[in-house]
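Structural description and commentary
Single-letter residue listing:
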Amino acid sequence: MVPDGIGAVVLDFYGTLVRMVEPLPPDHRDVFARRGLAAQGELWGDQWSVGPAEGEEHAAQSVDETTYVAWERDRLRRRARGCGVPEEALDGLVDELDRAMKAVRLALFADVRESLAALRRRGLLVGVCSNWYWDLEDRLAEVGLGGAVDLVVGSAQAGARKPHPLIYQAVLDRCGLPPERVLFVGDMWVPDVLGPLAAGMRAVHLWRPDRAVEGVAPPLPAGAARIAGLPELIGPGGAAGR
């Protein structure tokens, strides 16, 4: 059970509520190669690490969508230029890379809908907090969760990425509750467990059997619990109540 005194349950998005499904986004090296830039594509590196870093603060760029998207594109442009892409090729390449990064097809985990509904039936606020692009609310609607949550806090609009304190403060402000009354649930150790604990919240580490994260689950610190699926938040003896 969710502990007594908790008024809101806030969940991470990717890896917690949704997973990536095929068709997968195009490999960035293929994007470069199609444009005759194979050598530069090899220098580009991991396509999943070209965005803002965990914990990065970007409040000045998050004042509105236009400013934020321009900042995203400028990051791509500067990185591509550093890989040796000629100036005349930058605009088209950046357009395609930006589309490729955001062309992620998502599907809900099977336990999401009923678990969120059960939390709300208990009178709890239910929220989502994620390191994501500006379109987080649109993506929630696409997977059928548009009306299933009470608040949405995305890093693009909050001005910082988990585990930066600014995004957790945005969560608390939206909840209108003191931190000890908010329970944070997610699959990533630092952004979804250690970060919320440092902000004064309770935390639940979601360690799904079909998780994308490899390795061994870290030992739980005080104030945290671990579950294998979201129904454990609601069922008798659920880990969130331990």
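We now turn to the structure provided with this report. (Residues numbered from 1 in each chain as written. Predicted model: local features only at pLDDT ≥ 70, side-chain atom pairs only at ≥ 80, totals over all residues. Heavy atoms only, no water.)

1. A closer look at the overall build of the chain
- The secondary structure content of the chain amounts to nine helices and eight strands.
- Here the chain has a C-alpha radius of gyration of 19 Å; the compact-globule value for 242 residues is 18 Å, and the two agree.
- Projecting the C-alpha coordinates of the chain onto the three principal axes gives extents of approximately 60 × 35 × 35 Å.
- Across the 242 residues in the chain, those meeting the buried criterion constitute 48%.
- In the chain, 64% of the contacts between residues at least 6 apart in sequence involve partners at least 24 apart.
- Taken together, the 27 basic and 34 acidic charged side chains of the chain have centroids lying 3 Å from each other. (Helix = DSSP H or I, 4+ residues; strand = E, 2+ residues; numbered from the N terminus. Rg over C-alpha atoms; globule rule 2.2 N^0.38 Å. Buried < 20%, exposed > 50% of the residue type's maximum accessible area, 1.4 Å probe, protein only. Contact = heavy atoms within 4.5 Å. Lys, Arg positive; Asp, Glu negative; His and termini not counted. Charge placed at Lys NZ, Arg CZ, Asp CG, Glu CD.)

2. Overview of the side chain of Thr16
- Inspection of the secondary structure puts Thr16 in the loop between strand S1 (8-11) and strand S2 (18-20).
- Thr16 sits in the buried class, given a relative accessible area of 0%.
- Beyond its immediate chain neighbours, meaning those up to four positions away, Thr16 contacts Leu11, Phe109, Val112, Val185, Gly186, Asp187, Leu206, Arg208 and Leu230.

3. What to know about the nonpolar core
- Counting residues in each nonpolar core, the largest one holds 35 residues, and the members touching the most others are Leu17 and Leu116.
- Counting only elements with at least two residues in this core, the list comes to S1, strand S3 (106-108), helix H5 (112-121), strand S4 (125-130), helix H6 (136-142), strand S6 (182-186), strand S7 (202-206) and strand S8 (224-227).
- Here this core takes four residues from H5, the largest share from any one element.
- Core analysis: the next-biggest nonpolar cluster, separate from the first, contains 15 residues, Tyr168, Leu177, Val182 and Phe184 among them. (Core = buried A, V, L, I, M, F, W, Y, C linked by side-chain atoms within 4.5 Å.)

4. Some words on the environment of Leu151
- Of note, Leu151 is situated in strand S5 (residues 151-154).
- For Leu151, the contacting residues outside a window of four places in its chain are Val126, Gly127, Val128, Arg174 and Cys175.

5. Regarding the packing of aromatic side chains
- Under the defined criterion, the tally for this structure stands at six aromatic pairs.
- Measuring from centroid to centroid gives 5.2 Å for Phe13 and Trp132, while their planes differ by 90 degrees, and the two rings are edge-to-face. With Phe13 in the loop between S1 and S2 and Trp132 in the loop between S4 and H6, the pair connects residues that are 119 residues apart, well separated along the chain. The same class applies to Phe13 and to Trp132, which are both buried. (Phe/Tyr/Trp six-rings, centres within 6.5 Å; stacked < 30°, edge-to-face > 60°.)

6. Thoughts on the pattern of salt bridges
- Tallied over the full model, the rule gives 16 salt bridges.
- For Arg35, the salt bridge is made with Glu96, and the minimal N-O distance between the two is 2.9 Å. Separated by 61 residues along the polypeptide, Arg35 in the loop between helix H1 (28-34) and helix H2 (38-44) and Glu96 in helix H4 (residues 87-102) bring together distant segments of the chain.
- Look at the salt bridges and you will find they share partners, linking Asp12, Lys162 and Asp192 into a network. (Salt bridge = Lys/Arg side-chain N within 4 Å of Asp/Glu carboxyl O.)

7. As for helix H8 (residues 165-175)
- Buried residues of H8: Ile167, Tyr168, Val171, Leu172 and Cys175, and no others. Taken end-on, H8 shows its buried residues confined to a sector of 145 degrees, consistent with a single buried face. Looking at H8, the residues exposed on the side facing more than 90 degrees away from the buried face are Pro165 and Asp173.
- Those residues of H8 hidden inside the fold are in contact with S1, S4, S5, helix H7 (155-158), S6 and helix H9 (189-198). (Arc of directions from axis to C-beta.)

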